[in-house]
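Commentary on secondary and tertiary structure
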Amino acid sequence: MFVQELKKIWTKERILLIAVIVSAFTATFLLPRLRAVTVTQEGEDAFGTRTEITRDWLIRYGEEITPQEFEQIKQRYSESLSAGQAVISTEPCFAENQVFTYDDYLAYMQNALNGADGFSYDAFRKMRDLISANTAYSAMYYQEYERLMQNYENSMERKAYENERTLSGRAKETAASVLGTLRQAKGPGSPLPDEFVLSANRYFVNISVLCTILTLLIAAPVMVNDNGSNIRQEQYSSKTGRKIYRIQYLSMLFSLSAFTAAILFGYFLLWKNTGADAFYHCSIFSFQITEIPIFTNIEYGSYLSVLILLVFLLTNGIGGIVFYLSGTSQNHTEMLMKTLPVIFAGILVSLSFEDALFSENLFFRMTGIKGIEFIPAGLIFTAGVWVNRKGRRTHLP
């Protein structure tokens with residue numbers, strides 16, 4: 001009987017429709033985000049260059065960079081530019097800006113980057129480009145190397161500023177307390193690139209929206225079809241038939257859980273191919289990210305697992321509610337009127353996962369409660385289980 005119920009769910013037409021929706025959604029919303037953070041060897045862009053530099057630091061120094069190691073990083077930067085000393089002596093651009101030695105150049109660089117009066121960033125960039133033309137690295141390399149060094153040195157100030165600027169009340173106090181704890185425990189933070197965190201978050205938010213939409217195709221049709229053809233009344237006239245609700249619920253739950261797990265696993269493998277897997281053991285408290293993680297000891301790999309868990313809980317909870325409402329409907333119009341608001345609510349909860357476990361999350365900003373992202377998903381999952389326990393007891397007609 002269980003297999004028969006599975007066959008009702010997985011008809012050829014429904015499988016084809018799901019495949020079309022998944023393909024269209026992936027091409028429209030997911031592949032562009034994957035391409036944006038995929039590090040390749042072809043061409044040069046700011047993110048790719050910065051990620052390659054960060055990966056080199058990760059290999060050399062590990063998941064946390066100490067002040068002593070940062071001094072080595074600055075020394076390597078200086079050594080890579082020292083070959084440009086001859087250029088400083090010959091190019092008039094340097095003399096025009098009172099730069100006669102390599103130390104003068106470094107001093108000019110610091111003043112230009114800090115926005116000091118009388119020091120032009122455009123002039124500095126021109127000098128840097130001249131020097132990089134005579135070294136082994138590109139101007140983009142030096143630009144991103146400098147940005148990373150600035151982010152490391154200003155990590156705490158940037159996070160504290162964002163906390164003051166964007167948060168208020170209990171949320172600001174909680175985030176400030178967490179930041180103080182992290183400052184003592186982890187210093188400026190890990191070298192994890194911000195794009196890998198923020199893009200991963202949006203990526204799994206989109207996946208959650210997709211899974212929520214697809215619950216309508218997996219959880220709803222069987223029950224309403226049986227009601228419309230009066231099969232359920234006939235089933236409940238026998239002892240075996242009165243168990244059918246439980247069997248149908250379990251077949252739906254198995255189908256939805258397996259499908260969601262397969263979707264999440266497949267999309268996780270696609271994300272892994274971006275090169276983000278090199279940073280799985282880095283803390284999400286990173287000197288490249290201005291947002292503050294609201295838990296003090298979460299690695300990037302664990303963060304992805306949390307996002308996957310949230311999607312799984314929400315999808316199965318929505319599926320349970322949709323299944324129950326479908327069982328109370330006599331036709332497809334009635335079923336859609338009951339279930340579409342639930343799907344819409346599920347999409348809103350999916351969108352609330354944006355910036356999950358960070359200080360910028362909407363629910364955290366409103367309440368200041370750590371881990372509040374789990375509450376809506378947990379409540380919906382619990383509601384999905386509870387209403388179907390009620391459905392089994394009452395033997396829906």
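For the structure itself, look to the data block above.
Residues numbered from 1 in each chain as written. Predicted model: local features only at pLDDT ≥ 70, side-chain atom pairs only at ≥ 80, totals over all residues. Heavy atoms only, no water.

A separate point is the packing of aromatic side chains. Inspection of the entire model under this criterion finds 24 aromatic pairs. With 5.6 Å between their ring centres and 50 degrees between their planes, Tyr141 and Tyr145 make a pair best called tilted. On the criterion of helical spacing, the pair formed by Tyr141 and Tyr145 is a turn pair, its members being four residues apart in helix α9 (residues 139-153). As far as burial versus exposure is concerned, Tyr141 and Tyr145 are alike and both buried. Note on Tyr303 and Phe358: the rings are 5.7 Å apart at their centroids and 80 degrees apart in plane angle, and the pair reads as edge-to-face. In this pair, Tyr303 sits in helix α16 (residues 300-327) while Phe358 sits in the loop between α17 (332-351) and α18 (362-367), placing the two residues 55 residues apart along the sequence. With relative accessibility at 1%, the residue Phe358 sits in the buried group. The rings of Trp57, Phe70, Tyr77, Tyr141, Tyr142, Tyr145, Tyr152 and Phe287 are connected pair by pair, giving a single aromatic cluster. (Phe/Tyr/Trp six-rings, centres within 6.5 Å; stacked < 30°, edge-to-face > 60°. Helix = DSSP H or I, 4+ residues; strand = E, 2+ residues; numbered from the N terminus. Buried < 20%, exposed > 50% of the residue type's maximum accessible area, 1.4 Å probe, protein only.)

Turning our eyes to something else, we now look at the packing of helix α12 (residues 194-219) against α17. The interhelical angle for the contact between α12 and α17, taken along N-to-C directions, is 170 degrees, at an axis separation of 9 Å. Classified by the interaxial angle, the pair formed by α12 and α17 is roughly antiparallel. Contacts from Val205, Ser208, Val209, Thr212, Ile213, Thr215 and Leu216 of α12 reach α17 at Met335, Leu336, Thr339, Leu340, Ile343, Gly346, Ile347, Ser350 and Leu351. (Axes fitted to C-alpha atoms, helices over the stretch in contact; angles between N-to-C directions. Parallel < 35°, antiparallel > 145°, perpendicular 65-115°, else oblique. Contact = heavy atoms within 4.5 Å.)

To continue, consider the side chain of Thr54. Inspection of the secondary structure puts Thr54 in helix α3 (residues 46-61). In terms of polar contacts, Thr54 uses its side chain to reach the backbone carbonyl oxygen of Arg50, at 2.7 Å. When near neighbours in sequence (up to four residues on either side) are disregarded, Thr54 contacts Leu148, Pro191, Pro193, Phe279 and Gln288. (Polar contact = N/O pair within 3.5 Å; in protein donor to acceptor, adjacent residues only side chain to side chain.)

Attention shifts here to unusual backbone geometry. When glycine is set aside, most residues are seen to have a negative phi, and most peptide bonds are trans. Even without being a glycine, Gln98 presents a positive backbone phi close to 60 degrees. With respect to the helices and strands, the residue Gln98 is situated in the loop between α6 (92-96) and α7 (102-113). With a relative accessible area of 56%, Gln98 lands in the exposed category. One non-glycine residue, Leu357, lies in the positive phi region at around 70 degrees. Residue placement: Leu357 occurs in the loop between α17 and α18.

Between its first and last C-alpha, helix α2 (residues 12-37) extends 36 Å over 26 residues, near the 38 Å set by a 1.5 Å rise per residue. Where α2 bends most, the angle comes to about 45 degrees, and this point is Thr26. Within the span of α2, buried status applies to Arg14, Ile18, Val22, Phe25, Thr26, Leu30, Leu34 and Val37. (Expected span 1.5 Å × (residues − 1). Bend = angle between axes of the 7 residues up to and from the residue.)

Moving on to the packing of α12 against helix α15 (residues 244-272). Closest axis-to-axis distance for the α12/α15 pair is 11 Å, and the angle between their directions is 155 degrees. Taken together, the axes of α12 and α15 lie roughly antiparallel to each other. Considering only the axes of α12 and α15, their crossing is right-handed. Mapping the contact onto sequence places Phe196, Ser199, Ala200, Tyr203, Phe204, Ile207, Leu210, Cys211, Leu214, Thr215, Ile218 and Ala219 in α12 and Met252, Ser255, Leu256, Phe259, Thr260, Ile263, Leu264, Tyr267, Leu270 and Trp271 in α15. (Left-handed = near helix turned anticlockwise from the far one by under 90°.)

On the surface, a nonpolar cluster with roughly 350 Å² of combined accessible area is contributed by Phe2, Val3, Leu250 and Phe254. Here Leu250 is to be found in helix α15. (Patch = residues over 30% accessible without salt bridge, like charges linked within 9 Å, V, L, I, M, F, W, Y side chains within 5 Å. Areas by Shrake-Rupley, 256 points an atom, 1.4 Å probe, with all protein chains shown as cover. Salt bridge = Lys/Arg side-chain N within 4 Å of Asp/Glu carboxyl O.)

Considering the arrangement of structural elements, one finds Thr174 in helix α11 (residues 169-186). Excluding residues that lie within four positions of it along the chain, Thr174 makes contacts with Phe364, Gly368 and Lys370.

All right, on to the pattern of salt bridges then. Where charged atoms from two side chains of opposite charge approach closely, those side chains can pair. Applying the stated criterion to the full structure yields 17 salt bridges. Here Glu52 and Arg55 are joined by a salt bridge, their closest N and O atoms 2.6 Å apart. Residue Glu52 and its partner Arg55 are located together in helix α3, separated by three residues, close to a single helical turn. Among the residues examined, Glu52 registers a relative accessible area of 33% and is labelled partly exposed. The exposure class of Arg55 is buried, given its relative accessible area of 19%. We note a salt bridge from Asp355 to Arg202, for which the minimum N-O separation is 3.1 Å. With Asp355 in the loop between α17 and α18 and Arg202 in helix α12, the pair connects residues that are 153 residues apart, well separated along the chain.

What the rule picks out here adds up to one cavity of 30 Å³ or more. Space inside the largest cavity adds up to approximately 30 Å³. Asn201, Phe204, Val205, Leu307, Val311 and Phe353 together form the lining of the largest cavity. Secondary structure elements with two or more residues in the lining of the largest cavity: α12 and α16. Of all the elements, α12 adds the most residues to the lining of the largest cavity, at three residues. Class assignment of the residues belonging to the lining of the largest cavity gives a composition of five nonpolar, one polar and no charged. (1 Å grid on protein atoms, 1.4 Å probe; cavity = no way out; pocket = protein on both sides within 12 Å on 5 of 7 lines; lining within 4 Å. Points joined across faces, edges and corners; volume = space filled by probe spheres on them. Nonpolar A, V, L, I, M, F, W, Y, C, P; charged D, E, K, R; others polar.)

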